[in-house]
Amino acid sequence: MHLTKEEERILNGEAGETLRKALEILTALGDIYGADRLIPIKSAQIAGVSYKTIGDAGLEWISDLEGKVKVPSILNPAGMDLERWDRLDISPDFAEKQKEIVKAYKKLGVSCECTCTPYTLEGFSVSYGDHLAWSESSAVSYANSVLGARTNREGGPSALSAALLGKTANYGFHLDENRVPTVSITVECSLNRSDYGALGYVAGKLVGSRVPLLHLQNTPKTDELKALGAAMAASGAVALYHVEGVTPDACRQDFEPPEEKIIIEKSQLDEVYERHCGAGREPELITVGCPHCSAAELKEAAGLLKGKTVSKEIWVFTSRELANRFPEYMETIEKSGAKVVCDTCMVVSPATNRYSCVMVNSGKAFAYVPGMCGAETVFGSMEACIEEALGGKERKEKKEMEEEKWENKRPEKEKKEGGSH
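Residues numbered from 1 in each chain as written. Predicted model: local features only at pLDDT ≥ 70, side-chain atom pairs only at ≥ 80, totals over all residues. Heavy atoms only, no water.

S.K.: Help me out: how do you make sense of the overall build of the protein in this one?
M.R.: When you go through the protein residue by residue, the secondary structure sums to 16 helices and 15 strands. In terms of overall size, the protein behaves like a compact globule, its C-alpha atoms giving a radius of gyration of 24 Å where 421 residues would be expected to give roughly 22 Å. Considering only C-alpha atoms, the protein reaches an extent of 95 × 55 × 40 Å along its principal axes. Taken over 421 residues, the protein has a buried fraction of 55%. (Helix = DSSP H or I, 4+ residues; strand = E, 2+ residues; numbered from the N terminus. Rg over C-alpha atoms; globule rule 2.2 N^0.38 Å. Buried < 20%, exposed > 50% of the residue type's maximum accessible area, 1.4 Å probe, protein only.)

S.K.: Looking at this model, I keep getting lost on the pairing of strand S7 (residues 183-187). Mind explaining?
M.R.: Two faces make up the sheet, and in a regular strand the side chains alternate between them. When you tally the buried positions in S7, you get 4 out of 5 residues, the bulk of the element. Alignment of S7 against strand S8 (residues 212-215), held across 4 bridges, turns out to be parallel. Looking at S8, one finds that Ile-185 is bridged to Leu-214. In this fold, S7 hands off to helix H7 (residues 195-207), which returns the chain to S8; that crossover is right-handed. (Pairing = 2+ DSSP bridges. Right-handed = clockwise from strand over helix to strand, strands pointing away.)

S.K.: Looking at this structure, I do not really get the side chain of His-292. What am I missing?
M.R.: By the element assignment, His-292 lies in strand S11 (residues 285-293). Take His-292: its relative accessible area is 1%, and that puts it in the buried class. Ignoring sequence-local partners within four residues, the contact set of His-292 consists of Pro-77, Cys-114, Thr-115, Cys-116, Thr-117, Lys-226, Glu-297, Phe-317, Thr-318, Ser-319, Asp-343 and Thr-344. (Contact = heavy atoms within 4.5 Å.)

S.K.: Which parts of the structure should I look at to understand helix H14 (residues 363-373)?
M.R.: In an α-helix, one turn spans 3.6 residues, which is why side chains three or four residues apart end up on the same side. Inspection of H14 places Gly-363, Lys-364, Ala-365, Phe-366, Val-369 and Cys-373 among the buried residues, and these make up the whole buried set. You can read the cap of H14 off the contacts: a side-chain oxygen lies 3.1 Å from the backbone nitrogen of Lys-364, and it is on Ser-362. (Polar contact = N/O pair within 3.5 Å; in protein donor to acceptor, adjacent residues only side chain to side chain.)

S.K.: For this particular structure, what's the right way to read unusual backbone geometry?
M.R.: Residues apart from glycine generally show negative phi values, whereas peptide bonds are mostly found in trans. Between Cys-290 and Pro-291 the backbone carries a cis peptide bond, its omega angle lying at 0 degrees. At Asp-89, a residue that is not glycine, the phi angle is positive and equals roughly 60 degrees. Overall, Asp-89 belongs to the exposed group, its relative accessible area being 57%. Despite not being glycine, Asp-343 shows a phi value in the positive range, around 75 degrees. Turning to its location among the elements, Asp-343 is positioned in the loop between strand S13 (339-342) and strand S14 (357-360). By relative accessible area, which is 2% here, Asp-343 ends up buried.

S.K.: Help me understand the side chain of Asp-81 in this model?
M.R.: Structurally, the position occupied by Asp-81 is in the loop between strand S3 (73-75) and helix H4 (92-107). Side chain to side chain, Asp-81 and Arg-320 meet in a polar contact 2.7 Å long. Within the structure, the side chain of Asp-81 is placed 3.0 Å from the backbone nitrogen of Cys-342, a separation counted as a polar contact. Among all residues touching Asp-81, those that are not within four sequence positions of it are Arg-320, Val-340, Val-341, Cys-342, Asp-343 and Thr-344.

S.K.: Any chance you could explain empty space enclosed by the protein here in plain terms?
M.R.: Over the atoms, a rolling probe the size of a water molecule traces out where space has been left empty. Under the defined criterion, the tally for this structure stands at 2 cavities of 30 Å³ or more. Size it by volume and the largest cavity reaches roughly 40 Å³. Taken together, Thr-18, Lys-21, Ala-22, Ile-25, Trp-61, Leu-65, Pro-157, Leu-160, Ser-161 and Leu-164 make up the full set of residues lining the largest cavity. Mapped by element, the contributors of at least two residues to the lining of the largest cavity are helix H2 (17-33) and helix H6 (156-165). (1 Å grid on protein atoms, 1.4 Å probe; cavity = no way out; pocket = protein on both sides within 12 Å on 5 of 7 lines; lining within 4 Å. Points joined across faces, edges and corners; volume = space filled by probe spheres on them.)

S.K.: Any chance you could explain the nonpolar core here in plain terms?
M.R.: Across soluble globular proteins, you tend to see nonpolar side chains buried next to one another. Residues Tyr-105, Trp-134, Leu-199, Leu-214, Leu-228 and Tyr-241 are the most contacted members of the largest nonpolar core, which totals 102 residues. Per element, the largest residue contribution to this core is 7 residues, and it comes from H7. Apart from the residues lying within four places of it in its own chain, the contact partners of Leu-228 are Tyr-196, Leu-199, Gly-200, Leu-214, Tyr-241 and Val-243. Within the second largest apolar cluster, 28 residues are counted, among which are Cys-293, Ala-302, Cys-357 and Met-359. (Core = buried A, V, L, I, M, F, W, Y, C linked by side-chain atoms within 4.5 Å.)

S.K.: Looking at this structure, how should I read the state of the cysteines?
M.R.: Note on terminology: disulfide describes a covalent bond linking the sulfur atoms of two cysteines. Applying the stated criterion across every chain, the model contains 1 disulfide. For Cys-277, the disulfide goes to Cys-357, at an S-S distance of 1.7 Å. Sign of the S-S torsion, about 80 degrees for the bond between Cys-277 and Cys-357, identifies this disulfide as right-handed. Here Cys-277 is found in the loop between helix H10 (266-273) and S11, whereas its partner Cys-357 is found in strand S14, with 80 residues between them in sequence. (Disulfide = S-S within 2.5 Å.)

S.K.: Can you walk me through the packing of aromatic side chains in this structure?
M.R.: Centre-to-centre distance and the angle between the planes together describe a pair of aromatic rings. Following the criterion strictly, the structure yields 10 aromatic pairs and no others. Between Tyr-201 and Phe-366, the ring centres sit 4.8 Å apart and the planes meet at 75 degrees, which makes this aromatic pair edge-to-face. Of the two residues, Tyr-201 sits in helix H7 while Phe-366 sits in helix H14, which places them 165 residues apart along the sequence. According to the relative accessible area criterion, Tyr-201 is buried, its value standing at 12%. Judged by its relative accessible area of 2%, Phe-366 is buried. Over the face of the ring belonging to Tyr-128 we find Arg-252, whose NZ or CZ atom lies 3.8 Å from the ring centre. (Phe/Tyr/Trp six-rings, centres within 6.5 Å; stacked < 30°, edge-to-face > 60°. Lys NZ or Arg CZ within 6 Å of the ring centre and 35° of its normal.)

S.K.: What's the story with the sheet that holds S11 in this structure? I'm lost.
M.R.: Two pairing modes exist for strands in a sheet, parallel and antiparallel, and in both the strands are linked by backbone hydrogen bonds. The strand order across the open sheet formed by 5 strands is S13-S12-S11-S14-S15, and the pairing between neighbours is parallel. The sheet is open, and its two borders are formed by S13 and strand S15 (376-379), each paired with just one other strand. For this sheet, the mean angle separating the axes of adjacent strands, direction not counted, is 30 degrees. (Axes fitted to C-alpha atoms, helices over the stretch in contact; angles between N-to-C directions.)

S.K.: Where do I start with the layout of surface pockets in this structure?
M.R.: Approximately 420 Å³ is the volume attributed to the largest pocket. What lines the largest pocket is a set of 21 residues, and nearest its centre among them are Arg-193, Asp-223, Glu-297, Glu-300 and Asn-361. Among the secondary structure elements, those contributing two or more residues to the lining of the largest pocket are helix H8 (222-235), S11, helix H11 (295-305) and helix H15 (382-409). Per-element tally for the lining of the largest pocket: the top contributor is H8, with 5 residues. The class makeup of the residues in the lining of the largest pocket is 6 nonpolar, 7 polar and 8 charged. Considered as a void within the structure, the second largest pocket measures approximately 350 Å³ in volume. In this structure, the second largest pocket is lined by 21 residues; those nearest its centre are Ala-47, Asn-76, Glu-136, Arg-153 and Val-348. Element by element, the count of residues in the lining of the second largest pocket is highest for H14, at 3 residues. (Nonpolar A, V, L, I, M, F, W, Y, C, P; charged D, E, K, R; others polar.)

If you want it as structure tokens, here you go:
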């Protein structure tokens, strides 16, 4: 890989050990993937923030670094709400370690707005064709597919290295030839809003890390594209997808039809909705906002919860900036007994590990929670999730009343003999 004279000096350690390590990481990746050079980036989004996932070793590595990032850089979700961490029973020891991690990133000039949806933030704009170094799987998918920017799915160390240098290696999705679709997916049914998460979960398993071109009967909105890409990135490893007539690359280019064609039917989506927790268990926790809720999704959640009281634990995840920007939605949601949680998500927080069955409105969470949190997952729309949070207690009480009523009707002899009903 060709290096400029300035880059050679950095690699020789003339700009300090931190930049030397950063450039060493990027050149190693560039050599592995056949990059010809380093290219400037507009921004970085850095994973490896939750103490749950990086532990003491990650904290030590970040703390040893010196210098300042060269481009606007932001963090992925941490392991807790940085301001109200005690509400989810996060331990003080975990909280202290998590704060140290965020402090170490802040020392490097990284913005500590911890979100998987940086594209929703004011002052963190992304334009078509921008080269980025982003880490989080759903953010990478959204940037490449919906915004038409260019980024590989960086690991935490490589994204931070790119941020410190303001450059990344020129390979993968930075190159035109790697952005063409390699498999075609035709969906043979119309889709409602929650179906995009289910579709992404099914499609990701089928295509793996390839670049799909989707043919849909509906025209999806941005939140639906967000859900679709997030689920494909989680159940598979899709970092770029195209939707015919919708996404920017598909609108600007006349792609050759891929040879491999996949058909997805409604019955395959139905199977996602039909998976339930074992042994007749009901969800103990309901979560929405993976990726973090947009303003429109917060408004929808507030509308569904207005004037009502939840009977089950429900967490609504969003970025702190959006929570501060729309206090009226926050007030309505929290007045119902639901918790608005910022800076983190159900996947990377240890708070979820206490539950054995979690209901989600996200194909991404549906895929990740079992492995990352050890809980079974149930998938449903936002409406279904909030209905579960509102009605779970009432259904349980009704069932118990019906059982008690039936028990009272049984003959005394049968009760004494332990006969079943």
